[in-house]
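Residues per chain are reported as follows:
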Amino acid sequence: MHSEHAGRRSGQPTRRAVFRTIAGVAAAGVAGGIAWDRFGHGGDDDGTSAAAAGSDPSARATGPHTFERLSSPDRTVVRAGDGGTLATFTDGARTAVLTGPSRTFSEPRTTEAKVTTDAWVRVLPHAWQRGMEKSAWFKGWFRKTLVDSSPDVFAVAFQYSSAGAPDKHNKDGVRYAGTAHFGPRNSAVKNPLDFAYYDEQSDFYDYLGIDWTFPDGTRVQPEKARYGCVDCSGFQRLVWGYRMGIPMHETNTKGVGLPRRAYAIAAYGPGRVVIPHTGTKQATDLDALQPGDLVFFAIIKDKPDFIDHVGMYMGLDDQGRHRFYSSRSAANGPTLGDLSGHALLDGTDFYARGFRAARRL
């Protein structure tokens, strides 16, 4: 085991202090793993299947379109000739949401809910600024990306599903994708639905099992016991940082890119805040959200204003509920499921009550 560094969670509250009795705790769902039907008729996880029913994305991409400015937050919306939304770009953020073929995400091991969405979440090479649609780089990027069926942020995130995802290795033999777990077993905790049943503190380099040097020169080493594991913020760093290329640093203070912990990402992360931290009050301005936004929760007993969990907003599920995807102990890894609390932002369930803020990277 390597020595303690800023990325490990010393000196801060952990989920061992979390409220341990949750009303309405969900039992395990039906047996089975992740299911992902990209276009309504099956397909692989690399986006090589053909187009979906409805408007042909390639026709809409090459057809006429207009740019509209909206506020709260300030953003540029691209409209197709038929008035439909082709894409949304938010000032100060690199997250772009484009309209593409419909996909359905489900996880029958932990929930009966499904999320069907035509939102494809991409990462811009630069943070968006008003008027960027006039730049040469954008015109080429937009037409290419609108018809791109390679894995987007959602597809990449589900390559780590705790319900089962196939291993992928790079040319150096590093397993860069495949089923992820939350952390090593915590023998002091007996209830498998307890938040501390699996230990947190696993970052993206623990999952990968490789040394990592951050831009400021800080070098970290993985812990062998944490190989294949990522906690909630480590999972977001794995997806947005390691896979999608957003810079990262290894402190919980201001810096370039993604800091380590959930509270630090909420306060100091890149992009822009779309729902400000509400203190001890449940955030309810769900209309401000778009797919891919990071959502933050206060889940520690007696600390209702302290953010200690982060997830990725997916949109509405098949029941019309606002669902998110995060790495959690009860599912032992990334999940959109309902073990030990429903993965919902609306209502009065555990996570909804703890919902505090949102940021668009």
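Note that this is a predicted model, so its numbers are computed, not measured.

Thresholds, definitions, all that
- Residues numbered from 1 in each chain as written.
- Predicted model: local features only at pLDDT ≥ 70, side-chain atom pairs only at ≥ 80, totals over all residues.
- Heavy atoms only, no water.
- Helix = DSSP H or I, 4+ residues; strand = E, 2+ residues; numbered from the N terminus.
- Buried < 20%, exposed > 50% of the residue type's maximum accessible area, 1.4 Å probe, protein only.
- Contact = heavy atoms within 4.5 Å.
- Areas by Shrake-Rupley, 256 points an atom, 1.4 Å probe, with all protein chains shown as cover.
- Salt bridge = Lys/Arg side-chain N within 4 Å of Asp/Glu carboxyl O.
- Phe/Tyr/Trp six-rings, centres within 6.5 Å; stacked < 30°, edge-to-face > 60°.
- Pairing = 2+ DSSP bridges.
- Core = buried A, V, L, I, M, F, W, Y, C linked by side-chain atoms within 4.5 Å.
- Axes fitted to C-alpha atoms, helices over the stretch in contact; angles between N-to-C directions.
- pLDDT = per-residue confidence, 0-100.

Draft legend 1. Spotlight on the overall build of the protein. Along the protein, the regular secondary structure elements total seven helices and 16 strands. Taking all 361 residues of the protein together, the buried fraction comes to 56%. Looking at the protein alone, contacts between residues at least 24 apart form 61% of all its contacts between residues at least 6 apart. Total accessible area on the protein is roughly 14,500 Å²; 51% of this is exposed by carbon and sulfur atoms.

Draft legend 2. View of the pattern of salt bridges. Scanning the model with the defined rule gives 17 salt bridges in all. Between Glu68 and Arg79 there is a salt bridge; the shortest N-O distance is 2.8 Å. Within this pair, whereas Glu68 is found in strand 2 (residues 65–70), its partner Arg79 is found in strand 3 (residues 75–80), the two being separated by 11 residues in sequence. Arg175 is paired through a salt bridge with Asp167; the nearest N and O atoms lie 3.2 Å apart.

Draft legend 3. Inspection of the packing of aromatic side chains at higher detail. Using the criterion set out here, one finds 27 aromatic pairs in the structure. With a centroid separation of 4.7 Å and an interplanar angle of 35°, the aromatic rings of Phe297 and Phe324 are classed as tilted. In this pair, Phe297 sits in strand 12 (residues 294–297) while Phe324 sits in strand 14 (residues 322–328), placing the two residues 27 residues apart along the sequence. Looking at Phe297, the relative accessible area reads 0%, which means it is buried. What makes Phe324 buried here is its relative accessible area of 0%. Residues Phe297 and Tyr351 carry aromatic rings whose centres are separated by 5.6 Å and whose planes lie at 85° to one another, so their mutual orientation is edge-to-face. With Phe297 in strand 12 and Tyr351 in helix 7 (residues 350–354), this pair connects stretches of sequence that are 54 residues apart. Feature note: the residues Phe67, Phe89, Trp128, Trp137, Phe138, Trp141 and Phe142 constitute an aromatic cluster, connected by ring pairs.

Draft legend 4. Focus on the pairing of strand 6 (residues 114–123). In terms of residue burial, strand 6 counts as a mostly covered element, since seven of its 10 residues are buried. Where strand 5 (residues 95–106) lies against strand 6, nine bridges are found, and the strand directions are antiparallel. Bridge assignment links Thr99 to a residue of strand 6, and that residue is Ala119.

Draft legend 5. Representation of the nonpolar core in the model. Counting residues in hydrophobic clusters, the biggest one holds 44 residues, and the most contacted among them are Val153, Tyr160, Val239, Trp240, Phe296 and Met314. Among the secondary structure elements, those contributing two or more residues to this core are strand 5, strand 6, helix 3 (153–157), helix 4 (204–208), helix 5 (232–243), helix 6 (262–268), strand 12 and strand 13 (309–316). Among the elements that make up this core, the one with the highest residue count is helix 5 (five residues). Not counting residues up to four positions away in its chain, the partners in contact with Val153 are Val121, Val123, Val239, Trp240, Met244 and Met312. With 18 residues, the next largest nonpolar core counts Ile275, Tyr313, Phe324 and Leu345 among its residues.

Draft legend 6. Structural detail: the sheet that holds strand 11 (residues 272–275). One open sheet holds the six strands; their spatial order is 11-16-12-13-14-15, and the pairing between them is antiparallel. Strands at the two margins of the open sheet, each flanked by one partner only, are strand 11 and strand 15 (333–335). Each neighbouring strand pair of the sheet contributes to a mean axis angle of 30°, computed without reference to strand direction. Helix 5 contacts strand 12, strand 13, strand 14 and strand 15 of the sheet and is inclined by roughly 60° relative to strand 13.

Draft legend 7. How the structure looks around the environment of Ala288. When you line up the elements, Ala288 lands in the loop between strand 11 and strand 12. Among the residues examined, Ala288 registers a relative accessible area of 13% and is labelled buried. For the pair formed by Ala288 and Ala358, sequence separation is 70 residues and the distance between their alpha carbons is 9.0 Å. Those residues within four positions of Ala288 in sequence are excluded, and the remaining contacts are Val274, Ile275, Asp293 and Arg360.

Draft legend 8. Molecular detail of the confidence of the model for the protein. With 83% of its residues at a pLDDT of at least 70, the protein reaches an overall mean of 85. Here residues 1–33 is a poorly scored stretch, pLDDT under 50, and it has 91 contacts once near neighbours within four places are set aside; other chains count. Here residues 36–55 scores under 50 on pLDDT; set against residues more than four positions off or in separate chains, the count is 42 contacts.

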